[in-house]
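# Overview (structure and organization)
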Amino acid sequence: MPEGYSIRDASKPHFVTLTVVDWIDVFTRKVYKDCILDSLRFCMANKGMLLYGYVLMSNHSPLALV
């Protein structure tokens, strides 16, 4: 069996959560936040990804909610 997450039904929504090693507060820097947001936009525009919502949290303080 492969390591990590595997999609069993691609037609259903998925919840994904990620953490940063040692909880380093990377999203206080605009350049890193923009990198994640640009990647999400790219996947929606070019890969057919549907995004229902997202939260980027800097030390558990919400920065964006859609």
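Cut-offs applied
- Residues numbered from 1 in each chain as written.
- Predicted model: local features only at pLDDT ≥ 70, side-chain atom pairs only at ≥ 80, totals over all residues.
- Heavy atoms only, no water.
- Helix = DSSP H or I, 4+ residues; strand = E, 2+ residues; numbered from the N terminus.
- Buried < 20%, exposed > 50% of the residue type's maximum accessible area, 1.4 Å probe, protein only.
- Contact = heavy atoms within 4.5 Å.
- Areas by Shrake-Rupley, 256 points an atom, 1.4 Å probe, with all protein chains shown as cover.
- Salt bridge = Lys/Arg side-chain N within 4 Å of Asp/Glu carboxyl O.
- Expected span 1.5 Å × (residues − 1).

### Regarding the overall build of the protein chain
The secondary structure content of the protein chain amounts to one helix and two strands. For the protein chain, the succession of helices and strands along the chain, N to C, is α-β-β. A burial count over the protein chain gives 8% of its 66 residues as buried. Sequence-distant contacts, at least 24 apart, represent 27% of the contacts inside the protein chain between residues at least 6 apart. When the accessible surface of the protein chain is summed, it comes to about 6,200 Å², and 60% of that surface belongs to carbon and sulfur atoms.

### Observations regarding the pattern of salt bridges
Overall, the coordinates contain three salt bridges when judged by the stated rule. The partner of D9 in a salt bridge is K12, with the nearest N and O atoms 3.8 Å apart. D34 serves as the salt-bridge partner of K30, at 2.5 Å between the closest nitrogen and oxygen. Taken as a pair, K30 and D34 lie in helix α1 (residues 30-46) at a separation of four residues, close to a single helical turn. Taking relative accessible area as the criterion, K30 reaches 57% and is therefore assigned exposed.

### Let's talk about α1
What sets the pattern is the α-helix's 3.6 residues per turn: residues three or four places apart point alike. Its 17 residues give α1 an end-to-end C-alpha distance of 24 Å, which sits within 8% of 24 Å, the value for a rise of 1.5 Å per residue. Immediately downstream of α1, the backbone of G48 shows phi near 75°, a positive value.

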